[in-house]
Amino acid sequence: MKSAVFYGKHDLRVEESAKPVVGKRDVLINVKACGVCGTDVHIYEGDKGAADVTPPTILGHEFAGVVEAVGSDVAGFKPGDRVCIDPNHPCGCCEPCRDGINHYCEHMTGYGTTVNGGFAEYCSVDMQQVYKLGDRTSFEQGAMTEPVACLPARHRYVLTIKPGSTVVVIGGGMIGLLMMQLAKNAGATKVVLLEPVEGKREVALKLGADLAIDSIHEDVSARLKQEGVGNVDVVIECVGKPVTIEQAIQIAGHKATVMMFGLTKPDETITVKPFEVFQKELVLTSSYINPYTQRRALELIDSGRLDVSSMVAKVASLDELGAILSDPALRAMGKYIIDPSK
């Protein structure tokens, strides 16, 4: 089968790999769409994502497709079913799993990280991690279930978004635009996006942003004041850079929550003034992986209440994946979906 195999920093090769073996509990998926995630970029650059990657590994953890075959012990799935996956498969036996925090599993299997994933024509996945797509959900939309599942379905910051809340989202990529929509759904009456790329700001306004600010060429604080934006209750940082995390803390208002969602490089640091945190009574929080949210994310997408398509720049081939991972200018155009059959 055709696959994109990661061999190490900046070394991604599109090559033929053996079709996966189907174990007793496995569902063999013919991959139709696999999203390119920021975690894939971190791995390509030689950095750690949520899990260690041992090359050679087929990357890709946001994917959907059609069931090709099932193992002898599989129930609930059959060839022809349209499905997506939750890529994080906990062991169920270690102490964190038994304590109900299985996203900290000590023996986590990660499809597209610790084992082969979806940048290939086929992937074999434990049935526990497979979910059927809704009738109104396309394969490209189904591939976006994993990033949606990482969002406010469970994250603690959602508890601070109430009717009347003012929310600022930093970064207009796929995650930022989803966060913005979900903040609206949670009751925020004013949602502001900070994003330097004009095209992404335009998409944000179409998706319901009340204000979109060029965070590089404009004075953000001055613009917020000029537009009558009062106390900022929640800031959601979706870029993963020290400068934007520091900016999030700076523009947060009194008793605000700052959600550090963007993934930084492991060794990066930020400068925080403890007095500023004290003075404004800030809550600084973050989020790790996505337990118990896949079904709700699927239902949200299938309901049509969340647009996961407007920010897609292109459905590309496996042969284009290396260029996408290596070129920030390409990624600035929006979300990329890989179709391994192209």
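Residues numbered from 1 in each chain as written. Predicted model: local features only at pLDDT ≥ 70, side-chain atom pairs only at ≥ 80, totals over all residues. Heavy atoms only, no water.

## Some details on the pattern of salt bridges
This model, assessed by the stated rule, comprises 15 salt bridges. Residues Lys314 and Glu320 are paired through a salt bridge, measuring 2.5 Å at the closest nitrogen-oxygen approach. Owing to a relative accessible area of 26%, Glu320 belongs among the partly exposed residues under this scheme. Each of Glu218, Arg223 and Glu227 takes part in a single network of salt bridges with overlapping partners. (Salt bridge = Lys/Arg side-chain N within 4 Å of Asp/Glu carboxyl O. Buried < 20%, exposed > 50% of the residue type's maximum accessible area, 1.4 Å probe, protein only.)

## Let's talk about a nonpolar patch on the surface
On the surface, a nonpolar cluster with roughly 280 Å² of combined accessible area is contributed by Ile101, Tyr104 and Tyr288. Tracing the backbone shows Tyr288 in the loop between β16 (283–286) and α10 (294–303). (Patch = residues over 30% accessible without salt bridge, like charges linked within 9 Å, V, L, I, M, F, W, Y side chains within 5 Å. Areas by Shrake-Rupley, 256 points an atom, 1.4 Å probe, with all protein chains shown as cover. Helix = DSSP H or I, 4+ residues; strand = E, 2+ residues; numbered from the N terminus.)

## Focus: the environment of Ala149
Among the structural elements, Ala149 can be located in helix α4 (residues 145–149). Considering only alpha carbons, one finds Ala149 and Asn88, 61 residues apart in sequence, at a separation of 11 Å. Residues contacting Ala149, with those up to four places away along its chain left out, are Asn290, Thr293, Gln294 and Ala297. (Contact = heavy atoms within 4.5 Å.)

## Side note on the side chain of Asn102
Tracing the backbone shows Asn102 in the loop between α2 (95–98) and β8 (109–110). Owing to a relative accessible area of 14%, Asn102 belongs among the buried residues under this scheme. Among the polar contacts listed, one links the side chain of Asn102 to the side chain of Tyr292, at a separation of 3.2 Å. Look past the residues within four positions of Asn102 in its chain and what remains in contact with it is Pro90, Pro96, Cys97, Met108, Pro291 and Tyr292. (Polar contact = N/O pair within 3.5 Å; in protein donor to acceptor, adjacent residues only side chain to side chain.)

## Regarding unusual backbone geometry
The omega angle of the peptide bond from Pro55 to Pro56 is -5°, so this bond is cis rather than trans. The residue Pro56 is located in the loop between α1 (38–44) and β4 (57–58) in this model. In this structure, His10 takes a positive phi of about 60° despite not being glycine. Along the chain, His10 falls in the loop between β1 (2–8) and β2 (11–16). One non-glycine residue, Ile289, lies in positive phi territory at about 60°. Its place among the elements puts Ile289 in the loop between β16 and α10. Classification of Ile289 as buried rests on a relative accessible area of 16%.

## Section: the side chain of Thr57
Here Thr57 lies in strand β4. For Thr57, the contacting residues outside a window of four places in its chain are Ala4, Val5, Phe6, Thr113, Val115 and Asn116.

## Re α10
Buried residues of α10: Gln294, Ala297, Leu298, Ile301 and Asp302, and no others. Here the buried residues of α10 occupy an arc of 130° about the axis, which is enough to place them on one side. Looking at the buried positions of α10, the neighbouring elements they touch are β6 (82–85), β10 (130–132), α3 (139–143) and α4. Taken from the residues just after α10, Gly304 is the one with a positive phi, measuring 85°. (Arc of directions from axis to C-beta.)

## Digging into the environment of Ser309
Following the sequence through the fold, Ser309 ends up in the loop between α10 and β17 (312–316). C-alpha of Ser309 to C-alpha of Glu195: the two residues are 114 residues apart in sequence and 19 Å apart in space.

## Considerations on the sheet that holds strand β11 (residues 166–170)
An order of β13-β12-β11-β14-β15-β16 is seen for the six strands of this open sheet, with the pairing classed as parallel. Both outer strands of the open sheet, β13 (211–213) and β16, are each paired with one neighbouring strand and no more. Sheet twist, expressed as the mean angle between neighbouring strand axes with direction ignored, is 15°. Taken together, the three bridges between strand β12 (residues 190–194) and β13 define a ladder with parallel strand orientation. Bridging from a neighbouring strand, Leu193 pairs with Ala212 of β13. Running at roughly 170° to β13, helix α6 (residues 198–206) makes contact with β12 and β13 of the sheet. (Pairing = 2+ DSSP bridges. Axes fitted to C-alpha atoms, helices over the stretch in contact; angles between N-to-C directions.)

## Describing the environment of Glu237
Take Glu237: it is sitting in strand β14 (residues 234–237). As a C-alpha pair, Glu237 and Ser286 span 49 residues in sequence and 9.4 Å in three-dimensional space. In this structure Glu237 touches Ile170, Thr244, Ile245, Ala248, Met259, Met260, Phe261 and Gly262, once residues within four positions along its chain are discounted. Only 2.7 Å separates the side chain of Glu237 from the backbone nitrogen of Gly240, close enough to count as a polar contact.

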